[in-house]
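So the chains spell out like this:
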Amino acid sequence: MGRKKNFNTKYSAEFKISVIMDMRENHLGYGEIMRKYFPHLTVRNYSFLKRWERIYIEEGAAGLMVERRGRKSTGRPKKNLLDTAVEKDLIAENQRLRERNEYLEAELAYIKKLDALVREREQRNGKKPV
């Protein structure tokens, strides 16, 4: 019988960072890294090294500290109290702006109507409109 394969080996973030830093500083390929750090692996599958390198390039060392395995939560996310407070402020601000807009529209309609009445009176009295 052969060795049992351990598919879910969890490497620490520090180990991942040291492997990627060694690879980048010494210009080592995936095969060389596999022989140096993972001689116990019989299958030469470099996909996890490529993924580590991509994450390191895109997100930096902090990206390797995030656990990415497993299913993500599908439930409804809980609202943060800060988010609800900000949301309430935005709703109140939106309502205030709507009321202000209605007031200004009414004021404009009043001014237009007043202007039309003034022009009509001036035309009846024979004056030239200004």
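Parameters at a glance
Residues numbered from 1 in each chain as written. Predicted model: local features only at pLDDT ≥ 70, side-chain atom pairs only at ≥ 80, totals over all residues. Heavy atoms only, no water. Axes fitted to C-alpha atoms, helices over the stretch in contact; angles between N-to-C directions. Helix = DSSP H or I, 4+ residues; strand = E, 2+ residues; numbered from the N terminus. Parallel < 35°, antiparallel > 145°, perpendicular 65-115°, else oblique. Contact = heavy atoms within 4.5 Å. Nonpolar A, V, L, I, M, F, W, Y, C, P; charged D, E, K, R; others polar. Salt bridge = Lys/Arg side-chain N within 4 Å of Asp/Glu carboxyl O. pLDDT = per-residue confidence, 0-100. Patch = residues over 30% accessible without salt bridge, like charges linked within 9 Å, V, L, I, M, F, W, Y side chains within 5 Å. Areas by Shrake-Rupley, 256 points an atom, 1.4 Å probe, with all protein chains shown as cover. Buried < 20%, exposed > 50% of the residue type's maximum accessible area, 1.4 Å probe, protein only. Arc of directions from axis to C-beta. Core = buried A, V, L, I, M, F, W, Y, C linked by side-chain atoms within 4.5 Å. Phe/Tyr/Trp six-rings, centres within 6.5 Å; stacked < 30°, edge-to-face > 60°.

Novice: Just to check I follow, could you spell out the packing of helix 2 (residues 30-37) against helix 3 (residues 47-59) for this structure?
Specialist: Angle between the axes and distance between the axes are the two parameters that describe a pair of packed helices. Between helix 2 and helix 3, whose axes approach to 10 Å, the crossing angle comes to 105°. Considering the angle they form, helix 2 stands roughly perpendicular to helix 3. Residues Tyr30, Ile33 and Met34 of helix 2 form the contact with helix 3, whose participating residues are Phe48, Leu49, Lys50 and Glu53. A breakdown of the residues in the contact of helix 2 with helix 3 according to their chemical character gives 5 nonpolar, no polar and 2 charged.

Novice: Is there a simple way to think about the pattern of salt bridges in this case?
Specialist: Any two side chains of opposite charge can pair if their charged atoms end up close together. Summed over all chains, the structure comprises 6 salt bridges. For the salt bridge of Glu58 with Arg54, the shortest nitrogen-to-oxygen distance reads 3.3 Å. Remark: Arg54 and Glu58 occur in helix 3; sequence separation between them is 4 residues, near one turn of the helix. Across the salt bridge formed by Arg96 and Glu93, the nearest N and O atoms sit 2.9 Å from each other.

Novice: How do you make sense of the confidence of the model for the chain when you look at a structure like this?
Specialist: Residues with a pLDDT of 70 or more make up 88% of the chain, whose mean pLDDT is 84. Across the chain, the secondary-structure element scoring lowest on mean pLDDT is helix 2, at 89, and the one scoring highest is helix 1 (residues 13-25), at 91.

Novice: Looking at this structure, I do not really get a nonpolar patch on the surface. What am I missing?
Specialist: There is a patch of nonpolar side chains on the surface, built from Tyr110, Ile111, Leu114 and Val118 and spanning about 390 Å² of accessible area. Structurally, the position occupied by Ile111 is in helix 4 (residues 81-124). Taking relative accessible area as the criterion, Ile111 reaches 47% and is therefore assigned partly exposed.

Novice: Can you walk me through helix 2 in this structure?
Specialist: Side chains three or four residues apart in an α-helix point the same way, a direct result of the helix having 3.6 residues per turn. Regarding helix 2, the residues found buried are Gly31, Ile33 and Met34. Down the axis of helix 2, the buried side of the element spans an arc of 165°, and every buried residue falls inside it. Contacts made by the buried residues of helix 2 are with helix 1 and helix 3.

Novice: Can you walk me through the nonpolar core in this structure?
Specialist: Side chains of a nonpolar character, in soluble globular proteins, are inclined to be buried together. In terms of nonpolar packing, the biggest core is built from 13 residues, with Ile33, Phe38, Phe48, Leu49, Trp52 and Leu64 touching the most fellow members. Taken together, the elements giving at least two residues each to this core come down to helix 1, helix 2 and helix 3. Per-element accounting of this core gives the leading share, 5 residues, to helix 3. The residues touching Ile33, leaving out its near neighbours within four places in the chain, are Val19, Asp22, Met23, Leu28, Phe38 and Leu49.

Novice: Would you explain the packing of aromatic side chains in this entry?
Specialist: A ring pair, where both rings are aromatic, is described by two values, the distance of the centres and the angle of the planes. Applying the stated criterion to the full structure yields 10 aromatic pairs. Consider the rings of Phe15 and Phe38, whose centres lie 5.8 Å apart with planes at 90°: the pair is edge-to-face. Of this pair, Phe15 sits in helix 1 while Phe38 sits in the loop between helix 2 and helix 3, placing them 23 residues apart in sequence. On the accessibility criterion, Phe15 (24% relative accessible area) is partly exposed. Note on Phe38: relative accessible area 0%, which makes it buried.

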